[in-house]
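Spelled out, the chains give:
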Amino acid sequence: MEEIFVTRSFMPPFEEYVGEIRDIWNTHWLTNMGVKHQQLEKELQSYLGVRHVSLMVNGHMALEMALQAFDLSGEVITTPFTFASTTHAIVRNGLTPVFCDIREDDYTIDAAKIEALITEKTVAIVPVHVYGNICQVEEIQRIADKHGLKVVYDAAHAFGERYKGRGATSFGDASILSFHATKVFNTIEGGAVCFSEDDMERTLYNLKNFGIRNEECVESVGANAKMNEFQAAMGLCNLKHVREAIEERRKVAETYQELLQDIPGIYCWQKQEDVEANYAYFPIRVAQEEYGESRDELFERLGQQGIHARKYFYPLTSSFECYQGKAEKTPIAERISHQILCLPMYAGLEKECVEGICRIIRRD
Ligand SMILES: *Cc1c(COP(=O)(O)O)cnc(C)c1O
């Protein structure tokens, strides 16, 4: 069997991208909020169903800037079951992460466990819509309102999703997206902050552009996190194809579900009710007792046949070397991190490949 990786970047037809970047050769406008940048922000506002979109050079900087925009200091309640970026963005803002356990069924932060972690130092909650599974947004907002906390969602996995008909990145005080090459929608590298408060637009603009308002006025101590015109052009092209790409992912997910459903000890990702999903990932949970093989053994066995799955998210961010000794106990997240395995999932993954992967897992 040919080698299959956990993901494959979506690319538009070559001619479409060349067509999109051609006028850059006339204008020589390569970056700094050019025409493509402005157009992509506008198109994303409408696609995502959010009031404001501020494009960023990548998803990590989007999260750092979103947190920085609120000028916080103290503790932030978050999940350890995520990519390094979430926890790093909190710490790099001088904030202290306080790790909350996750839910068994969808792996998002367990809202019922948040309040017990709130102290007089708590200033925000940073939940993650992990694998595109939407957090308990109503309950999280209720807690935040009661205690006067900001909510910033790491929505890197939730591009274009809808929850009860509403854009998934319209919840909380802000949501960040990643447009990294490996995500459902990419601008090669890229990201965005979605928000509804009008005043935040200026703050984020300053943060991503050195605080420069005009030639003579520098208003605040900003960094540089601008998206360039080539990234934005890739986004404009990919946005035209993203619905079909998600549809192709849906078919992959359904094939996995159909072929893996009755294997003892294999628990497949399930679409949440009320969510229009984007099928960003296909995680399975391997329960060794019932399946007879550990997650690591299955991972190795797939690898030997050229199937490169990923132990995503393992280890927990709270057990990274750089965070050792500080972390709260999150037993459910700990157990799930040893059981979880993301199977190959991307638009264009052929049905025969999915069948082949399932045969290996079934041990047929
Ligand atoms: C990809 C990702 C990020 C970071 O995005 P980049 O665009 O790679 O900087 C942040 N959080 C999560 C959960 C991610 O998966």
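Here's a quick rundown of the structure. (Residues numbered from 1 in each chain as written. Predicted model: local features only at pLDDT ≥ 70, side-chain atom pairs only at ≥ 80, totals over all residues. Heavy atoms only, no water.)

1. Points about the site of the ligand
Quick reminder of the rule: Nearness of a residue to a molecule or strand requires only that one of the residue's heavy atoms be within 4 Å of it. Counted as a polar contact is a pair of N or O atoms within 3.5 Å, where, for protein atoms, one must be capable of donating a hydrogen and the other of accepting one, and residues adjacent in sequence contribute only when both atoms are in side chains. Only Asp, Glu, Lys and Arg are considered charged in this grouping, and only Ala, Val, Leu, Ile, Met, Phe, Trp, Tyr, Cys and Pro are considered nonpolar; every other residue, Gly among them, is considered polar.
Near the ligand you find 15 residues, and of these H60, D154, H157, S178 and K183 are the closest. Residue G59 places a main-chain N or O atom 2.8 Å away from an oxygen atom belonging to the ligand. At 2.7 Å, a side-chain N or O of H157 approaches an oxygen atom of the ligand. When grouped by side-chain class, the residues that make up the shell around the ligand number three nonpolar, ten polar and two charged.

2. Comments concerning the pairing of strand 6 (residues 150-154)
Just so we agree on the cut-off: Accessible area is worked out with a 1.4 Å probe on protein chains only. A residue is then buried under 20% of its type maximum, exposed over 50%, and partly exposed in between. Secondary structure follows DSSP: runs of H or I at least 4 residues long count as helices, runs of E at least 2 residues long count as strands, and numbering of each begins at the N terminus. Convention used here: a crossover is right-handed provided that the path from the first strand, over the helix, to the second strand proceeds clockwise when the strands point away from the viewer. Think of it this way: DSSP has to see at least two bridges between two strands before they count as a pair.
Burial runs high along strand 6: four of the five residues are buried. Taken together, strand 5 (residues 122-126), helix 6 (residues 137-147) and strand 6 constitute a β-α-β crossover, and its handedness is right-handed. Bridge count between strand 6 and strand 9 (residues 174-178): three bridges; the pairing is parallel. Pairing of Y153 across the sheet is with S175, part of strand 9.

3. So, the packing of helix 11 (residues 295-304) against helix 13 (residues 351-362)
Where we set the bar: Here, axes are lines fitted to C-alpha atoms. For helices the fit covers the stretch in contact, and angles between N-to-C directions go from 0 to 180 degrees. The scheme is simple: roughly parallel for angles under 35 degrees, roughly antiparallel for over 145, roughly perpendicular for 65 to 115, oblique for anything else. Handedness of a crossing follows from how the near helix is turned relative to the far one, being left-handed for an anticlockwise turn of less than a right angle and right-handed for a clockwise one. Two residues form a contact once any of their heavy atoms are found within 4.5 Å.
For the pair helix 11 and helix 13, interaxial distance at closest approach is 10 Å and the crossing angle is 135 degrees. The angle between helix 11 and helix 13 places the two elements in the oblique class. Relative to helix 13, the crossing made by helix 11 is right-handed. Residues L298, R301 and L302 of helix 11 touch helix 13, and the partners they reach there are I357, I360 and I361. A breakdown of the residues in the contact of helix 11 with helix 13 according to their chemical character gives five nonpolar, no polar and one charged.

4. Concerning the nonpolar core
What counts, and what does not: In this text, buried Ala, Val, Leu, Ile, Met, Phe, Trp, Tyr and Cys residues form a nonpolar core when linked through side-chain atoms within 4.5 Å.
Formed by 90 residues in total, the largest nonpolar core has its most connected members in L260, I284 and I361. The contact partners of L260, leaving out residues within four places of it in the chain, are I266, C268, F282, I284, L343, C358, I361 and R362.

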